[in-house]
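Residue-level structure breakdown
Listed below, chain by chain, are the residues.
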Amino acid sequence: MSVVFTGLYIDWHGKVVPCCNIRSDAQEHKEYTVEDLSPGRSIFDAHAASGLVDWRWSLSNFDPQPAPCESCRRAVMADDPVARRILTLAKAFL
């Protein structure tokens with residue numbers, strides 16, 4: 001399973017990004033900060049927050065990946081009949 005679905009990354013400011021290749025302190029990556037672990041927010045809140053959920057869904061397909069993932073060499077999902085069936089079933093429940 002891809003890191004997109006199993007992980008998240010938190011910088012020393014408490015900013016949450018979906019990938020280790022995205023830096024919240026880099027101007028070109030600011031828009032990819034998906035959560036902020038400000039007081040009262042937990043890592044569990046961040047993992048289930050709409051920003052990260054939306055990010056995961058945007059990568060849950062077999063199309064070319066959107067920015068900033070278009071140059072990533074990590075496969076998000078294997079393109080095979082089983083993966084396509086699982087994705088179809090998951091989307092049917094939402």
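In this report, the structure presented in the accompanying data block is examined. Owing to the predicted nature of the structure, the values given are computational and were not obtained by experimental measurement. (Residues numbered from 1 in each chain as written. Predicted model: local features only at pLDDT ≥ 70, side-chain atom pairs only at ≥ 80, totals over all residues. Heavy atoms only, no water.)

We now examine the overall build of the protein. Within the protein one finds four helices and three strands. Along its sequence from the N terminus, the protein presents helices and strands in the succession α-β-β-β-α-α-α. Its C-alpha atoms put the protein at 40 × 30 × 20 Å along the principal axes. Within the protein, the fraction of its 94 residues that count as buried is 31%. Taking the intrachain contacts of the protein between residues at least 6 apart in sequence as the baseline, contacts between residues at least 24 apart amount to 32%. Surface summary for the protein: the accessible area is close to 6,500 Å², and the carbon and sulfur share equals 57%. Taken together, the 10 basic and 12 acidic charged side chains of the protein have centroids lying 4 Å from each other. (Helix = DSSP H or I, 4+ residues; strand = E, 2+ residues; numbered from the N terminus. Buried < 20%, exposed > 50% of the residue type's maximum accessible area, 1.4 Å probe, protein only. Contact = heavy atoms within 4.5 Å. Areas by Shrake-Rupley, 256 points an atom, 1.4 Å probe, with all protein chains shown as cover. Lys, Arg positive; Asp, Glu negative; His and termini not counted. Charge placed at Lys NZ, Arg CZ, Asp CG, Glu CD.)

Attention shifts here to helix α3 (residues 50-58). L52, W55 and R56 are the residues of α3 that are buried. Each buried residue of α3 lies within a common arc of 95° when the element is viewed along its axis, so the set occupies one face. Turned more than 90 degrees from where α3 packs its buried face, S50 and D54 sit exposed. (Arc of directions from axis to C-beta.)

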